Amino acid sequence: MKIFNTLSGKKEDFIPIRNGRVGIYACGVTVYDLCHVGHARSAIVFDTIKRYLSYAGYHVDFIRNFTDIDDKIIKRAKEEAIAWDEVSAKYIDEYYRDMDMLGVDRATVEPKATEHIAEIIDIIKGLIEKGYAYNINGDVFFEVERFKEYGKLSKKVIEDLESGARVEVDDRKKSPLDFALWKSSKEGEPMWESPWGYGRPGWHIECTAMSMKYLGETFDIHGGGADLVFPHHENELAQSEAYTGKPFVNYWVHNGFITIDKEKMSKSLGNFFTIREILQEFDPEVLRVFLLSSHYRSPLEFSRQQLEQSEASVDRYYSTLERVEEFLRLDQPDGKKHYDDKKLTDTIATLPTQFVDAMNDDFNTAIAIGAVFELIREINRYLDQKPRGQQASDLVQRSMTVLQEVCNVLNIFQKTVPQWNHSLMATKKLPLTINQIEDFIAKRQKARVEKDFVTADSIRKTLEVSGILLEDKPGKTSWRVKI
RNA sequence: GGCGGCGUACCCAAGCGGUAAGGGAGAGGUCUGCAAAAUCUUUAUGCGCCGGUUCGAAUCCGGCCGCCGCCUCCA
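Parameters at a glance
- Residues numbered from 1 in each chain as written.
- Chains lettered and ligands numbered in written order.
- Predicted model: local features only at pLDDT ≥ 70, side-chain atom pairs only at ≥ 80, totals over all residues.
- Heavy atoms only, no water.
- Helix = DSSP H or I, 4+ residues; strand = E, 2+ residues; numbered from the N terminus.
- Buried < 20%, exposed > 50% of the residue type's maximum accessible area, 1.4 Å probe, protein only.
- Contact = heavy atoms within 4.5 Å.
- Areas by Shrake-Rupley, 256 points an atom, 1.4 Å probe, with all protein chains shown as cover.
- Pairing = 2+ DSSP bridges.
- Core = buried A, V, L, I, M, F, W, Y, C linked by side-chain atoms within 4.5 Å.
- Expected span 1.5 Å × (residues − 1).
- Arc of directions from axis to C-beta.
- Axes fitted to C-alpha atoms, helices over the stretch in contact; angles between N-to-C directions.
- Left-handed = near helix turned anticlockwise from the far one by under 90°.
- Nonpolar A, V, L, I, M, F, W, Y, C, P; charged D, E, K, R; others polar.

### Some remarks on the overall build of chain A
Phase 1: When its secondary structure is counted, chain A shows 16 helices and 15 strands.
Phase 2: A principal-axis box enclosing the C-alpha atoms of chain A has dimensions of 90 × 50 × 35 Å.
Phase 3: The buried share among the 483 residues of chain A stands at 52%.
Phase 4: Nonlocal contacts in chain A, meaning residues at least 24 apart in sequence, comprise 77% of its contacts between residues at least 6 apart.
Phase 5: Surface exposure of chain A reaches about 22,300 Å², of which carbon and sulfur atoms provide 51%.

What follows is the structure in structure tokens.
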């Protein structure tokens, strides 16, 4: 298995520290607002990586944190005139609502910064003792100059950073690059007791404390969005390695951004869509398929048109599934006739290998999904021959089993056909109920029997205008939501 | 200014040294009372431009053009 490591800038063979086990720490969210599509991408990417590693046979310890204390949370609390911890509790709930919809599993442990103050204080103490940090009136800073390898993750040179520093300079710091490990709290702000007075942790230190607590001083994979490389992960790395004297993380994995009109989707630019907004118009699987259709490190342009294209491809999956289910429901008198099943048999045989090869190459979900659709085409081709008999039935059944095995790992295409249709009816806001649609179909069927094709066609047209397409099949007429 | 990335058909997107996956859209055929779905054919002798290396290059090297990201909170 190969993984692209931000630290080396290359794909590397993945060798876990402990045989058969993998420790992953993914930076979660700061809970002060609803999540947007960019958060969804990161969550889905690492969820998929975790799922694949489990599938590949590893025991995975997956840690995803909540930053539940920070300036933005405090600001939000003031704006809404509620307690800071009400803000974080509320948005943790909202986070789960979104992630459950998107099929993002809970992590093994989901630690919160505020529940690890003791561990954080211990590490800061240690850093002061080792001469890597200094206390100025209750604020403790990490002294970047003392950590000689600073910049190795983000490939930055300390001197360049200093000269180009746009950072608001705190005169008390020895260098503008020094960052806060502990911040003294002002009146009315949340605070915890510490050897340096009442205060709260800086942003980066929580991840050091929590990852080490749950995964050890050196662990396998640390992930997050590409915007966390600097300064967050660079600082985390510096303080962690300064503290332990050991390598902190073996593989740094960063996902690319979501863009809108080529620009990064972000809060500050205001060009973002919340997950919730998108899910009003599209099924969660559509968003998940969309996000996994390109490689996790590539920038991904987000637009309605893109989602509609993904929606169409998801629909292709489900219409094939429907077709397969109808086929399997048929009586299967053993047919003697030979059908050409070589290509289908071959494709079934190669899919698992293709999938594993793709995912082993830096988690190439785009190829994995492509392989799924190759099998979809072969299934349709096979079914076009109208095969009969137990052998045909078994072959088709087997193809679905293989397909589901792969899709389970990606956590896509997990619905039933009726669930998919209902979801489409809801997201497309169709004006008709299922009963109304079936009434129309019955009326049309009567007309068809009477060869009154004018009436039949006009009913077809009426439904189509409302977003329903009819499909006449032997024995019955079924309907589908128009994409 | 420093560092990094990207540019593949009408749209999206894989491929990263061996002769262009997959999805969507369009056109035509098969099937159908008509449709839809499915399927077939078709849409890049071509992978931003110009050179170079190589038996062979989207793929490696050099230069140029265009776009974007990080350097400040950010997934």
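From this point, the narrative continues.
### Examining the pairing of strand E5 (residues 133-136)
Phase 1: Inspection of the sheet shows E5 paired to strand E6 (residues 139-142) by four bridges, in the antiparallel sense. If you follow Ile136 over to E6, its bridge partner there is Asp139.

### Considerations on the sheet that holds strand E12 (residues 263-264)
Phase 1: A sheet is described by the order of its strands in space; here three strands give the open sequence E12-E11-E13, paired in mixed fashion. Each end of this open sheet is capped by a strand with a single partner; those strands are E12 and strand E13 (300-301).
Phase 2: Alignment of strand E11 (residues 258-260) against E12, held across two bridges, turns out to be antiparallel. By the bridge assignment for E12, Ile260 is matched with Glu263.

### Overview of the nonpolar core
Phase 1: Of all hydrophobic cores here, the largest spans 102 residues; its most connected members are Leu287, Phe302, Tyr317 and Phe413.
Phase 2: Ignoring anything within four residues of it in the chain, the contact list for Tyr317 reads Val372, Phe373, Ile376, Met400, Leu403, Gln404, Cys407 and Phe413.

### As for helix H15 (residues 434-449)
Phase 1: Taking 1.5 Å of rise per residue, 16 residues should cover 22 Å, and H15 covers 22 Å from first to last C-alpha, within 8% of that figure.
Phase 2: Those residues of H15 not exposed but buried are Ile437, Ile441, Arg444 and Ala447. Buried residues along H15 cover an arc of 120° about the axis, so they all sit on one side. Exposed side chains of H15 directed beyond 90 degrees from the buried face belong to Asn435, Lys443, Lys446 and Val449.
Phase 3: Check the buried side of H15 and you find it contacts helix H14 (417-427), helix H16 (453-465), strand E14 (468-473) and strand E15 (476-481).
Phase 4: Positive phi shows up at Lys451, right after H15, with a value of about 60°.

### Brief notes about the packing of helix H10 (residues 304-329) against H14
Phase 1: Interaxial distance between H10 and H14 falls to 9 Å at its minimum, and their mutual angle equals 145°. Read as a crossing pair, H10 and H14 show a hand that is left-handed. Where H10 approaches H14, its residues Glu311, Val314, Asp315, Tyr318, Leu321, Glu322 and Glu325 are matched on the opposing element by Val417, Trp420 and Leu424.
Phase 2: Classifying every residue of the contact of H10 with H14 gives six nonpolar, no polar and four charged.

### Details of the pairing of strand E2 (residues 10-13)
Phase 1: Inspection of the sheet shows strand E1 (residues 2-5) paired to E2 by four bridges, in the antiparallel sense. Its bridge partner lying in E2, Phe4 is registered against Lys11.

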